[in-house]
Amino acid sequence: MAARERRSPHHRPRLRHRHLLLLLLLPLLLLFFPLPPLSAVLLRRANSLGRRCLPLADDHRALPGQRLSFSIVTLSDEGLSGRGARGRSFRGVLAATARNKRAYAAAHGYSLAALPPGAVDPGRPPAWSKVLALRARLRRHHWLFWNDADTVVTNPGISLERILFSVIGHSDFDASPDLILTEDVNGVNAGLFFIRRSKWSERFLDTWWNHTSFVQFGSTKSGDNAALKHIVGHLSPEETQAHVRIAKMQCLFNSYPWVATWKSVHRLIFHPSTTWKGVYSDGDFMVHFAGLNDKRGWTSKVLREITPS
Ligand SMILES: *[C@@H]1O[C@H](CO)[C@@H](O)[C@H](O)[C@H]1NC(C)=O
């Protein structure tokens, strides 16, 4: 909770009242007209309805005097061959999203580290690999940007510098916080986040890796996100203030597609604001197929949508 309360000052969107109206209207619409498809259409248009994930362009201020080195760290499809049907079905996703990341990184001059899943420590579910992979690369770049495999850059015109600037509010690397997260209805999300080169970050990643009691096998959850949530939730307010930022808008770099299921309709009614802040809409920087089963189908659908024909 401390993390929620301590955020850097943000520019309030001008269209706040219209937002509030919409937030009130959406659940009402659902109550009176059980029309989840209509909600899907409306939510998909969130940005044209006035939502702002990124403050209006201030690129010139976002550019630091010194050019910072960024690395996008993600999973590759190497090492998956010959693993049977399940490995192969995941393989299409990894190959497609890794290609998307490669193009984005090349366009902006960022490095890309795509690691084979499970290569880091086969003793834990692959999702845990991120912790050691980031730890091993932490000293080589100013910032690392972790990307789960089921994520796609949907607006490559947006730079990582601009995203960080919008959260941190300045471009002084030495005075920056170390961990930049987003939160969804479940709390902070480990699928996409930034971590800065620092002693604090080294200790943070070691602590995260050491939360062995959170490791889970055999379900859709592997425990790494729960461990992250636990650690961030137990920092002192002072430590949170100095080292952690949670983006005010989840859609800044971690948007989720809205699919008309009972669960998402329930969330829309009871957490309209969280849904609104995180729903994937045209123009968003990145989409994350969190919790969706058909990752392969979603990946090709979104890649088709964003590729100019
Ligand atoms: C993590 O665990 C290792 C091995 O038990 C220990 O040496 C190290 O000090 C721990 N680090 C942190 C930050 O908890």
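Coordinates for the structure precede this section.
The following paragraphs examine the structure supplied in this document.

Cut-offs applied
Per chain, residue numbering runs from 1 following the sequence as it is written. The predicted nature of this model means local features are confined to residues of pLDDT at least 70 and side-chain atom pairs, given and counted, to a pLDDT of 80 or more, with totals for whole chains, interfaces and linings taken over all residues. The basis for the side-chain values is all heavy atoms of the structure; hydrogens and waters are excluded. Segments assigned H or I by DSSP are reported as helices when at least four residues long, segments assigned E as strands when at least two residues long, and all are numbered from the N terminus. Categorising residues by exposure relies on relative accessible area from a 1.4 Å probe, with only protein chains included: less than 20% of the type maximum marks a residue as buried, more than 50% marks it as exposed, and the intermediate range marks it as partly exposed. Two residues qualify as a contact provided that any one of their heavy atoms is within 4.5 Å of a heavy atom in the partner residue. Surface accessibility in these figures is a Shrake-Rupley result with a 1.4 Å probe; residues are shielded only by whichever protein chains are displayed. In protein, a polar contact requires one atom able to donate a hydrogen and another able to accept it; more generally it is a pair of N or O atoms within 3.5 Å, and residues adjacent in sequence count only if both atoms are side-chain atoms. By convention in these notes, a residue is near a molecule or strand provided one of its non-hydrogen atoms lies within 4 Å of it. Stacked, edge-to-face and tilted labels apply to pairs of Phe, Tyr and Trp rings (six-membered ring for Trp) whose centres lie within 6.5 Å, assigned for plane angles under 30 degrees, over 60, and everything in between, in that order. By definition here, charges over rings are those cases where NZ of Lys or CZ of Arg is within 6 Å of the ring centre and within 35 degrees of the ring normal. Two cysteine sulfurs form what is called a disulfide whenever their separation falls within 2.5 Å. To define a nonpolar core, start from buried Ala, Val, Leu, Ile, Met, Phe, Trp, Tyr and Cys residues and group those joined through side-chain atoms within 4.5 Å. Comment: axis = line fitted to C-alpha atoms, over the contacting stretch for helices; angle = value between 0 and 180 degrees taken between N-to-C directions. Orientation is classified from the angle alone, with under 35 degrees giving roughly parallel, over 145 giving roughly antiparallel, 65 to 115 giving roughly perpendicular, and any other angle giving oblique. Crossings are classed by handedness, with left-handed meaning an anticlockwise turn of the near helix from the far one by less than a right angle and right-handed meaning a clockwise turn. Think of it as three bins: nonpolar holds Ala, Val, Leu, Ile, Met, Phe, Trp, Tyr, Cys and Pro, charged holds Asp, Glu, Lys and Arg, and polar takes everything else, Gly as well.

Observations regarding the overall build of the chain
The secondary structure content of the chain amounts to 13 helices and ten strands. The proportion of buried residues among the 309 residues of the chain is 50%. Sequence-distant contacts in the chain: of pairs separated by 6 or more residues, those separated by 24 or more amount to 79%. When the accessible surface of the chain is split by element, carbon and sulfur atoms take 56% of a total near 15200 Å².

Observations regarding the side chain of H142
Tracing the sequence through the fold places H142 in the loop between α6 (129–137) and β3 (143–147). Assessed through its relative accessible area of 11%, H142 is described here as buried. Engagement of the side chain of H142 in a polar contact is seen with the backbone nitrogen of S69, the distance being 2.8 Å.

Some remarks on the site of the ligand
Taken together, D206, T207 and N210 make up the full set of residues adjacent to the ligand. Contacts to the ligand include N210, whose side-chain N or O atom sits 2.3 Å from an oxygen atom. For the ligand, whose unbound accessible area comes to 360 Å², protein coverage reaches 31%.

Description of the environment of P272
Residue position: P272 is located in helix α12 (residues 272–278). Taking the C-alpha atoms as reference points, P272 and P27, separated by 245 residues in sequence, lie 7.3 Å from one another. Not counting chain neighbours up to four residues away, the residues in contact with P272 comprise L23, P27 and R267.

Remarks on the packing of aromatic side chains
One pass over the full model with this rule turns up twelve aromatic pairs. Linked through ring pairs, F70, Y104, Y110 and F285 together constitute an aromatic cluster. Across from the ring centre of F173, 4.8 Å away, lies the NZ or CZ of R196, which sits over that ring.

Focus on the state of the cysteines
Disulfide: a covalent bond connecting the sulfur atoms of a pair of cysteines. Evaluated as defined, the whole model comprises one disulfide. Between the sulfur atoms of C53 and its disulfide partner C251 the distance amounts to 2.1 Å. The S-S bond linking C53 to C251 shows a torsion near -105°; that makes this disulfide left-handed. Of the two residues, C53 sits in the loop between α3 (36–44) and α4 (59–62) while C251 sits in the loop between β9 (244–246) and α11 (262–270), which places them 198 residues apart along the sequence. The two residues C53 and C251 agree in class, both being buried.

With respect to the nonpolar core
Counting residues in hydrophobic clusters, the biggest one holds 31 residues, and the most contacted among them are V73, L179, L181, F204, L205, W208 and L228. With five residues, the single largest contributor to this core is helix α8 (residues 199–210). With residues near it in sequence (within four places) discarded, L228 still touches L181, V188, N189, A190, F204 and W208. Judged by nonpolar contacts, the second largest core, of 25 residues, contains L54, Y110, L160 and V167.

What to know about the packing of α8 against helix α9 (residues 224–233)
The N-to-C vectors of α8 and α9 enclose an angle of 125°; their axes lie 9 Å apart at closest approach. In terms of orientation, α8 lies oblique with respect to α9. The hand of the α8/α9 crossing is right-handed. Every residue of α9 that contacts α8 at F204, T207 and W208 is listed here: D224, A227, L228, I231 and V232. Tallied by class, residues from the contact of α8 with α9 come to six nonpolar, one polar and one charged.

By themselves, these observations are geometric and do not establish any function.
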